[in-house]
Amino acid sequence: MKVLVIGGGAREHALCRALSLDPDVTALHCAPGNAGIAEVAELHAVDALDGGAVADLATGLSADLVIVGPEAPLVAGVADAVRGRGVPVFGPSAEAARLEGSKAFAKDVMASAGVPTARSYVCTTPAEVDEALDAFGAPYVVKDDGLAAGKGVVVTGDVAAAREHALACGRVVIEEFLDGPEVSLFAITDGETVVPLQPAQDFKRAHDGDEGPNTGGMGAYSPLPWADPKLVDEVMATVLQPTVDELRRRGTPFSGLLYAGLAITSRGVRVIEFNARFGDPETQVVLARLKTPLAGVLLAAATGGLAALPPLRWSDGAAVTVVVASHNYPGTPRTGDPITGLADIAEQDAPEAYVLHAGTKKDAGSGAVVSAGGRVLSVTATGSDLATARERAYRAVDRIGLEGSHHRTDIAARAASETPSG
């Protein structure tokens, strides 16, 4: 199978790594990729938002499967353009991707499907914003209606800050605050059959103790020892299958990766948001635990054949990912700084620990790997339990040199301390 992955972050590196280990994958391509992906796939320079260009590349490579990683190309209709050329695509249509592209659309779908979520108002005027903030009270939850790369949500006790964010966005969803721990659950679907993956938890705030601004994600772990063993079945029955059924009923079937961001509240499971693609950094830990070869599963989703697949196989162990971010992230990041220690990790920590590249590139002059974005690396490790995986991940992180970089030191710490080792 010839596979083309669209994107260039750590999520795409995790996908490419898994695909490179799949014996059915005979050729692996990625556009545009990054310095780490270049080690396992052939890179191509293409505008990921240009559906025609991506379709031309896919047909030129005689790709058997195209996997669209990021949300922006999906919302822009890149999957539609490739499908229009007869190439199987893992990723929803632009219409179905509105589940992530518009918070208001997602709320409408959930209401029709009876999916439990926070009460909310869609606001477009200052008066509506003030009324909604007043109705819910603190803490205030304000979400940009459109795509914002994981940074469009403000949760604050400061009504002035909430109002400022709402007015800067234009169209916003203001909703009640959901208490309780958050869980990410991915499901692969062909528009009818839904196959859940293992749940994960990510860490959104920039600093230890969940302090600092929201980010795209600073780390993740899986499994969740504290979660109810029936959680996946419950979410399948109350959230994932009803949502897929509702979108099919509307004539916009969702095929690809449906990501439910959930809060486990005192009143039960509630959906915080939907995404239309693999999450980053949760993908890094979920794929680290998946034993079933990936390509066949994604091709089955792209071609309507999921129901015929045997159950997915998972490792009994754990995985932890720690994100190394550049100076000033999540503000405007500093780029171009050399990264050291990557060879040491490959030599001394592999295969239990490895580095997935996010914002990196090869320096044209020196050939060195340098930083090229906010989240630079996802250091991922596996182990028999969370404590072991965590120890291996941080040992590898300590080998990395990147001037001005920062990372959280508490990823999975609480869950690991509550889990019996062995």
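In this report, we go over the structure that sits alongside the text.

Points about the packing of aromatic side chains
In total, this model carries five aromatic pairs according to the counting rule given. Look at Tyr121 and Phe136: their rings are 5.4 Å apart centre to centre, the planes differ by 45°, and that puts the pair in the tilted class. Of this pair, Tyr121 sits in strand β6 (residues 120-123) while Phe136 sits in helix α7 (residues 126-136), and the two are 15 residues apart along the sequence. Ring centres 5.9 Å apart and planes at 85° place the aromatic pair Phe186 and Phe278 in the edge-to-face group. Taken together, the residues Phe186 in strand β10 (residues 182-189) and Phe278 in the loop between β17 (268-275) and α10 (282-289) connect sequence positions 92 residues apart.

Focus on the nonpolar core
Grouped together as the largest cluster of nonpolar side chains are 78 residues, with contacts concentrated most on Leu4, Val66, Val82, Leu99, Leu240 and Val320. Ranked by residues supplied to this core, first place goes to helix α9 (residues 231-249) with eight residues. For Val66, the residues in contact, after removing those within four places along its chain, are Leu4, Ile6, Ala58, Val82, Val87, Pro88, Val89 and Phe90. In terms of nonpolar packing, the next biggest core, distinct from the first, is built from 43 residues, Val5, Ala220, Phe278 and Ala300 among them.

Comments concerning the side chain of Glu175
Residue placement: Glu175 occurs in strand β9 (residues 172-175). Side chain to side chain, Glu175 and Lys143 meet in a polar contact 3.0 Å long. Excluding its chain neighbours within four sequence positions, the residues that come into contact with Glu175 are Lys107, Ala118, Arg119, Ser120, Phe136, Val141, Lys143 and Ile272.

Focus on the pattern of salt bridges
This structure, assessed with the given rule, holds 23 salt bridges. Among the salt bridges present, the one from Arg163 reaches Asp130, with a minimum N-O distance of 2.6 Å. Remark: Asp130 occurs in helix α7 and Arg163 occurs in helix α8 (residues 159-169); sequence separation between them is 33 residues. Here Arg163 falls in the partly exposed class, since its relative accessible area comes to 32%. A relative accessible area of 32% means that Asp130 is categorised as partly exposed. We note a salt bridge from Glu175 to Lys143, for which the minimum N-O separation is 3.0 Å. Of this pair, Glu175 sits in strand β9 while Lys143 sits in strand β7 (residues 140-144), and the two are 32 residues apart along the sequence. For the pair Glu175 and Lys143, one class covers both residues: buried. Put simply, Asp108, Glu246, Arg249 and Arg250 are held in one network by salt bridges that share partners.

Let's talk about the packing of helix α6 (residues 103-113) against α9
Taken N-terminus to C-terminus, the directions of α6 and α9 make an angle of 100°; their axes are 9 Å apart at the nearest point. With respect to α9, the axis of α6 lies roughly perpendicular. Across the interface between the two elements, Phe105, Val109, Ser112 and Ala113 from α6 touch Pro242, Thr243, Glu246 and Leu247 from α9.

Re the sheet that holds β17
Strands sit in the order β11-β10-β16-β17 across an open sheet of four strands; the sheet is antiparallel. Unpaired on one side and paired on the other, β11 (194-196) and β17 mark the two borders of the sheet. Strand-to-strand twist across the sheet, computed as the mean angle between neighbouring axes with direction ignored, equals 35°. Summarising the sheet, strand β16 (residues 256-265) and β17 pair through seven bridges and their orientation is antiparallel. Looking at the pairing, Tyr259 lines up with Asn275 of β17.

Topic: the pairing of strand β19 (residues 353-357)
Taken across its five residues, β19 has five buried, putting it largely inside the fold. Both faces of β19 are covered, namely the face carrying Ala353, Val355 and His357 and the face carrying Tyr354 and Leu356.

Examining the sheet that holds β7
With respect to topology, four strands assemble into an open sheet ordered β6-β9-β7-β8, the strand pairing being antiparallel. A single partner strand is all that each edge strand has here, and the edge strands are β6 and β8 (153-156). Shown here is a sheet whose adjacent strand axes are inclined to one another by a mean of 20°, direction ignored. When β7 meets β8, the two strands line up antiparallel, connected through four bridges. Pairing of Val141 across the sheet is with Val155, part of β8. Along the sheet, α6 contacts β6, β7 and β9; its crossing angle with β9, the most-contacted strand, is approximately 55°.

A short note on helix α13 (residues 386-397)
Taking 1.5 Å as the rise per residue, α13 with twelve residues should run 16 Å; its terminal C-alpha atoms sit 16 Å apart, in good agreement. For α13, the complete set of buried residues consists of Leu386, Ala389, Arg390, Ala393, Tyr394, Ala396 and Val397. For α13, the arc enclosing every buried residue in end-on projection is 155°, short of the 170-degree limit, so these residues lie on one face. With a side-chain oxygen lying 3.3 Å from the backbone nitrogen of Ala387, the N-terminal cap of α13 falls on Asp385.

Some points on the side chain of Ser371
Counting through the fold element by element, Ser371 comes out in strand β21 (residues 369-371). Apart from residues lying up to four places away in sequence, Ser371 is in contact with Arg334, Thr335, Gly336, Asp337, Ile339, Gly359, Val376 and Leu402.

With respect to the environment of Leu4
Its location among the elements puts Leu4 in strand β1 (residues 2-7). On a C-alpha basis, the gap between Leu4 and His44 in space is 9.8 Å, while along the polypeptide they are 40 residues apart. Sequence-distant contacts of Leu4, that is, excluding residues within four places in its chain, are made with His29, Cys30, Ala31, Val54, Leu57, Ala58, Leu61, Ala63, Leu65, Val66 and Ile67.

Here we look at the state of the cysteines
Taken as a whole, this structure holds zero disulfides when the rule is applied. This cysteine, Cys123, is not joined by any disulfide, and Cys169 carries the nearest cysteine sulfur, 11 Å off. For Cys123, a relative accessible area of 1% translates into the label buried. For Cys169, a relative accessible area of 21% corresponds to the partly exposed category.

Conventions we followed
- Residues numbered from 1 in each chain as written.
- Predicted model: local features only at pLDDT ≥ 70, side-chain atom pairs only at ≥ 80, totals over all residues.
- Heavy atoms only, no water.
- Phe/Tyr/Trp six-rings, centres within 6.5 Å; stacked < 30°, edge-to-face > 60°.
- Helix = DSSP H or I, 4+ residues; strand = E, 2+ residues; numbered from the N terminus.
- Core = buried A, V, L, I, M, F, W, Y, C linked by side-chain atoms within 4.5 Å.
- Buried < 20%, exposed > 50% of the residue type's maximum accessible area, 1.4 Å probe, protein only.
- Contact = heavy atoms within 4.5 Å.
- Polar contact = N/O pair within 3.5 Å; in protein donor to acceptor, adjacent residues only side chain to side chain.
- Salt bridge = Lys/Arg side-chain N within 4 Å of Asp/Glu carboxyl O.
- Axes fitted to C-alpha atoms, helices over the stretch in contact; angles between N-to-C directions.
- Parallel < 35°, antiparallel > 145°, perpendicular 65-115°, else oblique.
- Pairing = 2+ DSSP bridges.
- Expected span 1.5 Å × (residues − 1).
- Arc of directions from axis to C-beta.
- Disulfide = S-S within 2.5 Å.

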